[in-house]
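Survey of secondary and tertiary structure
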Amino acid sequence: MTRLVAWTLAAVLAVTGLALAGSGNSAEKPRLLSGAAWLPSARAGQLALLDGSTAEVAAQVKVSSGGRGLEVVQQGAHAYAVDTEEGALRRVDGATFAVTPALASGTPGARPIPDAREGLRAFASPDHLYAVDVEHGVFTEADAHTLARRGALQPLAADADAQSTVLDDTGTLWALDARTGDVDIIGAGRHTTRRHASTPGPGRLVLAGGSPVLVDLTRRTASLLRPGSGEAASTVPLELREGDEVTVSGSPGSPRVYVISRGVLTICEFHSTSCASSVRLGDSGQGFGQAVETGGRLFVPNYRTGKVWIVDLAGTRVVAQPRVITPTTRFQLLTRDGVVFFNDPVSERAGVVRLDGEVIKVAKYDPARPDKGVVRPDVPQDDKQNRNNKDDRDGEAKPEPSATPLPPDPLPGPSQDVVPSQDVVPPPPTGNPPPPPTTTAPTRLPPTNGDDGASDPPTPSDSPSPSSTPRAITIAATTTAPTAGEGVGLEVRATDGGTAPRAAAWDFGDTLTGSGLSVTHAWNESRTVQVSVTATFDDGRTATTSIPIAVSARTVTLTVSNTGAGTVTGQGIDCGVDCQETLPAGTTVTLTAAGGAAADFRGWLGCAQPNGGVCTVTVHQDITISSSFADVVSSGQAVVEGSYTVDLDNGRVGAGSWDIWWYQASFTQGLEESAQMTPGRGSSTGSTIVNLGVTDFQSIGPEQLPGLAYSTEAIPGGPDVPNQLVDGDVFAVRTKTGNYSKVLVVGRGRWDITIRWITYKSG
């Protein structure tokens, strides 16, 4: 994406000037505007403007020397970078991308609180910018443009932290002192304190519907606070246990909070003062973070697995669990205007999560050349020479940019992976740019001549000839971090302002070579390769350069679809809770179906190697494996004595209601004894029966039972009459409630019979 597009986007954002919402716009939780977000990259010392609608990086801005402590808070189109290593703030203008104080000035940034370091936080509203040091319990208001402190430092809650300080929609700052339970309220030129608002101990402050919510973990309550006084307007009880890992977040548009503990998401409404809805997410201690809401869906980060759980709020059910990042990464999740962003605040990894669970991953910068593509619109004159003499990773000196440099055109391919080939400055937003200055050949000055200080004109030997001057080239790639099998577009370009190369020879680092100014290549293995190119120019000169390409294993998605109440486990799958897993292509997976007491496994669909309840499949592409379970109403084994009844819907022997009767009759001495398995026979039970003979009990499935020829005729089983109820005999019963049972004769005694049964729910 060219800088002209980036400039236009920034100008639109500046005009839009949308207000922020959420938990106070703290640097702990960056906000975004109009579908675009400023995202920090601590290792590179940059902020990246990510356009959510196109999933493209619109700008990269350098704000620090790089390290581990960089956060961002956004207000309107502008960003405030918080450097917690230096304890400094910087402002990035959303229209010009100018940095205040300028990075080239040599200062670490503005320090409205001189002694602040890791405890520094920033909170911004349209009318106020607050700097807070949560370690030392002080705050101050700062100028939104110059970042200079306004007035003296003031005390704040002495034991407040990042989870207990918020800025509400009116521009009021709220801070909870966990040591005393006091809540400080700063707004409208007043600083008041509500004493003992919470029980001393750990607590939370979040925003719900733009208003503060106080979460008292000791009392196990959440209270919606009134503006100004801080008194509780409404309180809901929370189902928490001592020692629970608890995360709380608020709805941006409603008086509602989302509480996650023991792997369960609970939705609490203040208008009804209840927490009536809950959704099972996983096991306790799985590392769930604060949820964000948009489009009627809740997005819950899971730091342990690197996944985002997407919950449909209308149906209170999990609809997707896409993996967005490497497991155990403490990533950020934020949303605006229907766009959900994820961001690794340390590295280059970021992206967008759609409502349906689609994930678009974006590199905020090129990790091989972090400063490549950085916008520098306001480098002071006295710093230009230092900038020009600073070598980049290719060993080239940075050229002095002209008044209106033209941006390079990107290669075709995935736009989110295109990295500009050189540092450029965005053109002005309106008007036609003036023509670039005329380029002249470099000259070298001879020593001074005599005592008058005059200089002789340069001789021909003082100007290097075209044939001896080395040419400078660079490689532009559609991505430097492809997956195995993914085609990468590569192009060689001249970077010294001269003519373009006429030919190029490529070494792809995998024993293969190619030719042409633009080529496409794919690597089949996961590894880092060094791609080299030698370019030849019209005058016969050549130039060589190279870049690293980090090839990762191609991943595919395995999805399990369950029909019925059973579960399927294996290779990170635990369905029905977690039914999707991202795996390296070529992974062999073993899935195991377990019905338990409530379900009976029936089979697989889409499995290459089914073996009963076990499915083995090698995943080379996205695949869905379906498992089928029949819902079991009752199952078991029992000894039934003579003339006792059995209720097959609940497994009770000798119950008042029944489905089969093990009926026996004794006649006068010397006559035969008789026994039979009797159904309802037109009685109030209304059950029917059919004998299937000696057969495989396991092979008879619930799908076969409804089609059998049931009747009210008893099955004979006496010792002196034709006996069909021998060991291994199977009969089926349509129960009084309309369910279907299959029954196995396990063994016979003189007066009793041992049976095993499974009763399936009808339909």
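Above this text is the structure in question.
Residues numbered from 1 in each chain as written. Predicted model: local features only at pLDDT ≥ 70, side-chain atom pairs only at ≥ 80, totals over all residues. Heavy atoms only, no water.

Overview of the nonpolar core
L490, W506, W523 and V531 are the most contacted members of the largest nonpolar core, which totals 21 residues. By size, the runner-up hydrophobic cluster in this structure holds 20 residues, among which are V568, I573, C575 and F601. (Core = buried A, V, L, I, M, F, W, Y, C linked by side-chain atoms within 4.5 Å. Buried < 20%, exposed > 50% of the residue type's maximum accessible area, 1.4 Å probe, protein only.)

Quick word on the state of the cysteines
Per the counting criterion, the structure on display carries three disulfides. Here C268 engages in a disulfide with C275; their sulfurs sit 2.0 Å apart. Residues C268 and C275 are joined by a disulfide whose S-S torsion is about 110°; by sign, that bridge is right-handed. Covalently, C575 is tied to C579 through a disulfide, its sulfur atoms 2.0 Å apart. Looking along the S-S bond of the C575-C579 disulfide, the torsion reads about 85°, which is the right-handed sense. The burial state of C575 is the same as that of C579; both residues are buried. In the chain, numbering the disulfide-bonded cysteines from first to last in sequence yields the connectivity 1-2, 3-4, 5-6. (Disulfide = S-S within 2.5 Å.)

Brief notes about the sheet that holds strand β24 (residues 274–280)
In space, the four strands of this open sheet follow the order β21-β22-β23-β24, with antiparallel pairing throughout. Every interior strand has two partners, whereas the edge strands, β21 (247–250) and β24, have only one. Averaged over all adjacent pairs, the angle separating strand axes in this sheet is 20°, with direction ignored. Looking at chain direction, strand β23 (residues 264–269) and β24 are connected through five bridges and run antiparallel. Looking at the pairing, T266 lines up with S278 of β24. (Pairing = 2+ DSSP bridges. Helix = DSSP H or I, 4+ residues; strand = E, 2+ residues; numbered from the N terminus. Axes fitted to C-alpha atoms, helices over the stretch in contact; angles between N-to-C directions.)

Considerations on the layout of surface pockets
Approximately 1,400 Å³ is the volume found for the second largest pocket. Around the second largest pocket sit 47 residues that line it, and V324, K361, T483, S552 and T555 are the ones nearest its centre. Within the residue set of the lining of the second largest pocket, elements represented by two or more residues are β31 (349–353), β32 (359–363), β40 (542–551), β41 (555–563) and β44 (580–584). Counting residues per element, the lining of the second largest pocket draws most heavily on β32, at five residues. Grouping the constituent residues of the lining of the second largest pocket by class yields 25 nonpolar, twelve polar and ten charged. (1 Å grid on protein atoms, 1.4 Å probe; cavity = no way out; pocket = protein on both sides within 12 Å on 5 of 7 lines; lining within 4 Å. Points joined across faces, edges and corners; volume = space filled by probe spheres on them. Nonpolar A, V, L, I, M, F, W, Y, C, P; charged D, E, K, R; others polar.)

Structural notes on the pattern of salt bridges
All told, the structure shown has 23 salt bridges when counted by the stated rule. Taking the shortest distance from any N to any O, the salt bridge between E141 and R150 comes out at 3.9 Å. Ionic pairing is found between D496 and R471, a salt bridge with its closest N-O pair at 2.6 Å. One end of the pair, D496, is in the loop between β35 (488–494) and β36 (503–507); the other, R471, is in the loop between α2 (384–389) and β34 (473–477), with 25 residues separating them in the sequence. Judged by its relative accessible area of 36%, D496 is partly exposed. Classification of R471 as buried rests on a relative accessible area of 11%. Connected through salt bridges with shared partners, the residues K307, R323, D578 and E581 form a single ionic network. (Salt bridge = Lys/Arg side-chain N within 4 Å of Asp/Glu carboxyl O.)

A few points about the pairing of strand β9 (residues 120–124)
A large share of β9 lies buried, amounting to five of its five residues. Residues L120, A122 and A124 point to one face of β9 and R121 and F123 to the other, with burial holding for every one of them. Direction of pairing for β9 relative to strand β10 (residues 129–133): antiparallel, over a ladder of five bridges. Counted as the bridge partner of R121 is V132 from β10. Here β9 folds back onto β10 in antiparallel fashion, the turn holding four residues.

Focus on the packing of aromatic side chains
Throughout the structure, instances matching the rule amount to ten aromatic pairs. With a centroid separation of 6.0 Å and 85° between ring planes, the pair formed by W38 and F97 is classed as edge-to-face. Of the two residues, W38 sits in strand β2 (residues 36–41) while F97 sits in the loop between β7 (88–92) and β8 (99–100), which places them 59 residues apart along the sequence. Summarising the burial analysis for this pair, W38 and F97 share the class buried. For the ring pair F288 and W309, a centre distance of 6.1 Å and an interplane angle of 65° mean the geometry is edge-to-face. Here W309 lies in strand β27 (residues 307–312) and F288 lies in the loop between β24 and β25 (292–294), a separation of 21 residues in the sequence. The rings of F601, W604 and F629 are connected pair by pair, giving a single aromatic cluster. It is R471 that lies over the ring of F537; its NZ or CZ is 4.0 Å from the centre. (Phe/Tyr/Trp six-rings, centres within 6.5 Å; stacked < 30°, edge-to-face > 60°. Lys NZ or Arg CZ within 6 Å of the ring centre and 35° of its normal.)

Points about the pairing of strand β58 (residues 753–760)
Most of β58 sits out of view: seven of its eight residues are buried. Where strand β49 (residues 623–640) meets β58, eight bridges bridge the pair, whose relative direction is antiparallel. Within β58, the residue paired with G636 across the bridge is W757. Hairpin remark: strand β57 (residues 740–748) followed by β58, antiparallel, with four residues in the connecting loop.

A short note on the sheet that holds β8
Read across the sheet, four strands follow the order β5-β6-β7-β8 without closing on themselves; strand pairing throughout is antiparallel. Pairing within the sheet leaves two strands with one partner each, and these edge strands are β5 (70–75) and β8. Pairing analysis gives two bridges linking β7 to β8, with the strands arranged antiparallel. Note that in β8 the partner of V92 across the bridge is V99.

Purely spatial values, then, with no claim about function.
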